[in-house]
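Listed below, chain by chain, are the residues.
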Amino acid sequence: IIAHTATTTTTIATLHTHTPCMSSPNNDIRALQGRQVTHNFDICLTPDHDDYQLERVRRERVYAWHTRLGLPSYAKMKQAVRTSPGIDITEADVDLLPWNAQQRLDRREYERWQAESEAKVQTARRKFQDDERRRLREQRAKEKERARLEEEARRIEEERKRRLADAEARRRQEERERKRAA
């Protein structure tokens, strides 16, 4: 069961305010009602979505759970993942967060990682969009060229038919003139 209801867009980026997203069938939906969390929309991807296992998305889900659980230490976070049935992250996911020597989350490092990761995603999106625009331009150019060639072929065929008709008319004219002369 996916507990998700998008209610408000909070920034130009993909931030939304909504109820927490968890994909475990053990979720108590009644406990989630009315509770609002603001975070990146990517963490609400369903397990069948292509991007669900991306490290950035997994890290965002762990960070969201870290916040929901009251900012626990590394050991307490691992313990919560092991013992809580409604959490949709693994112990391996917990290791994706940057923990300092005191077993606390290094928020600055987390934000730096996410910014780098987001920059890579944005670069990949721009490249994909550029490739798509280039593909569409090439497709339009091919369609224009095809239309131009079809028009030229139509014009050549009309010219050929006109010449044939002229030649046939000349031949008939010459035949009539031979008949008159004979």
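Residues numbered from 1 in each chain as written. Predicted model: local features only at pLDDT ≥ 70, side-chain atom pairs only at ≥ 80, totals over all residues. Heavy atoms only, no water.

On to the packing of aromatic side chains, then. Applying the stated criterion across every chain, the model contains 2 aromatic pairs. Look at Tyr63 and Tyr110: their rings are 4.1 Å apart centre to centre, the planes differ by 10 degrees, and that puts the pair in the stacked class. Of this pair, Tyr63 sits in helix H2 (residues 55-68) while Tyr110 sits in helix H5 (residues 107-181), placing them 47 residues apart in sequence. Among the residues examined, Tyr63 registers a relative accessible area of 17% and is labelled buried. Considering the side-chain rings of Tyr74 and Trp99, the 5.4 Å spacing of their centres and the 70 degrees angle between planes classify their relative orientation as edge-to-face. One end of the pair, Tyr74, is in helix H3 (residues 74-83); the other, Trp99, is in the loop between helix H4 (91-94) and H5, with 25 residues separating them in the sequence. If you follow Arg68 out to its NZ or CZ, it ends over the ring of Trp65, 4.5 Å from the centre. (Phe/Tyr/Trp six-rings, centres within 6.5 Å; stacked < 30°, edge-to-face > 60°. Helix = DSSP H or I, 4+ residues; strand = E, 2+ residues; numbered from the N terminus. Buried < 20%, exposed > 50% of the residue type's maximum accessible area, 1.4 Å probe, protein only. Lys NZ or Arg CZ within 6 Å of the ring centre and 35° of its normal.)

The subject of this paragraph is the nonpolar core. Grouped together as the largest cluster of nonpolar side chains are 13 residues, with contacts concentrated most on Met77, Ile87, Ile89, Val94, Leu97 and Trp99. Counting residues per element, the ones that place at least two in this core are H2 and H3. For Met77, the residues in contact, after removing those within four places along its chain, are Val62, Trp65, His66, Leu69, Pro72, Ile89, Val94 and Trp99. (Core = buried A, V, L, I, M, F, W, Y, C linked by side-chain atoms within 4.5 Å. Contact = heavy atoms within 4.5 Å.)

Moving on: the pattern of salt bridges. In this structure the tally under the stated criterion is 22 salt bridges. In this structure, Glu116 and Arg112 form a salt bridge, with 2.4 Å as the shortest nitrogen-oxygen distance. Placement of the pair is Glu116 and Arg112 together in helix H5, with a separation of 4 residues, close to one helical turn. For Arg112, a relative accessible area of 38% gives the class partly exposed. Across the pair Arg134 and Asp131 runs a salt bridge, and its minimum N-O distance is 2.6 Å. Here Asp131 and Arg134 lie together in helix H5, a separation of 3 residues that amounts to about one turn. Look at Arg134 and you get partly exposed, because its relative accessible area is 39%. You can call Asp131 partly exposed: its relative accessible area is 30%. Each member of the salt-bridge network shares a partner with another, and the members are Glu159, Arg162, Arg163 and Asp166. (Salt bridge = Lys/Arg side-chain N within 4 Å of Asp/Glu carboxyl O.)

This brings us to the packing of H2 against H5. Running from N to C, H2 and H5 point in directions that differ by 145 degrees, and their axes come no closer than 10 Å. For the pair H2 and H5, the crossing hand works out as left-handed. Where H2 abuts H5, its residues Arg56, Arg59, Glu60 and Tyr63 lie against Arg107, Tyr110, Trp113, Gln114, Ser117, Glu118, Val121 and Arg125. Taken together, the residues of the contact of H2 with H5 break down into 4 nonpolar, 2 polar and 6 charged. (Axes fitted to C-alpha atoms, helices over the stretch in contact; angles between N-to-C directions. Left-handed = near helix turned anticlockwise from the far one by under 90°. Nonpolar A, V, L, I, M, F, W, Y, C, P; charged D, E, K, R; others polar.)

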